[in-house]
Amino acid sequence: MYTVSVDREACDGVFACLVRDDRFVEDDDGLATFDAEAAVELERTEESVTATFDDDRRDDAEQAAAACPLDAISVEEAAARDDAETAEAEP
């Protein structure tokens, strides 16, 4: 499992990601988001949108991230993200 995150503050609606990975779509604000039906889990905040996937398309997501001229997309192992959140929550 892996997560793909879009930094909504960095995203400018260039949409180079849509060409590389069809799970990316345009949201109502003109920024990149994900097709909710393709994701296992989808979390959206004002600052970011993060989707968790359990498929064999990580390479597509990494190509989309590499194509983003604003470096607004990151791809991580789902466990690595969970570990980072746990570390941040600890006193």
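Residues numbered from 1 in each chain as written. Predicted model: local features only at pLDDT ≥ 70, side-chain atom pairs only at ≥ 80, totals over all residues. Heavy atoms only, no water.

Participant: Before we go on, may I ask you to explain the pairing of strand E4 (residues 41–44) in this structure?
Facilitator: Walk down a regular strand and you will see the side chains alternate between the two sheet faces. Judged from the four bridges that link them, E4 and strand E5 (residues 48–53) form a sheet pairing that is antiparallel. The residue of E5 that forms the bridge with glutamate 41 is threonine 52. Between the antiparallel neighbours E4 and E5 lie three residues. (Pairing = 2+ DSSP bridges. Helix = DSSP H or I, 4+ residues; strand = E, 2+ residues; numbered from the N terminus.)

Participant: Sorry if this is basic, but what is going on with the nonpolar core here?
Facilitator: Proteins that are soluble and globular tend to have nonpolar side chains buried together. Counting 21 residues, the largest nonpolar core has Val4, Val6, Phe24, Ala32, Phe34, Phe53 and Ile73 as its most contacted members. Listed by contribution, the elements that provide at least two residues to this core are strand E1 (2–7), strand E3 (32–34), E5, helix H2 (58–67) and strand E6 (73–77). In contact with alanine 32, other than residues within four places in its own chain, are Val6, Cys11, Phe15, Cys17, Phe24, Val25 and Val49. (Core = buried A, V, L, I, M, F, W, Y, C linked by side-chain atoms within 4.5 Å. Buried < 20%, exposed > 50% of the residue type's maximum accessible area, 1.4 Å probe, protein only. Contact = heavy atoms within 4.5 Å.)

Participant: What am I meant to see in H2 here?
Facilitator: For an α-helix the count is 3.6 residues per turn, leaving residues at separations of three or four pointing the same way. Listed in full, the buried residues belonging to H2 are Ala61, Ala64 and Ala65. Along H2, the residues classed as buried sweep out an arc of 100° about the axis, all on the same side. Where H2 is buried, its residues touch E1, helix H1 (16–20), strand E2 (24–26) and E6. (Arc of directions from axis to C-beta.)

Participant: Explain the pattern of salt bridges here, please?
Facilitator: Think of it this way: side chains of opposite charge can pair up when their charged atoms draw near. Counting across every chain of the model gives eleven salt bridges. The closest approach of N and O atoms between arginine 23 and aspartate 21, which form a salt bridge, is 2.7 Å. Between arginine 57 and aspartate 60 there is a salt bridge, with the nearest N and O atoms lying 3.0 Å from each other. (Salt bridge = Lys/Arg side-chain N within 4 Å of Asp/Glu carboxyl O.)

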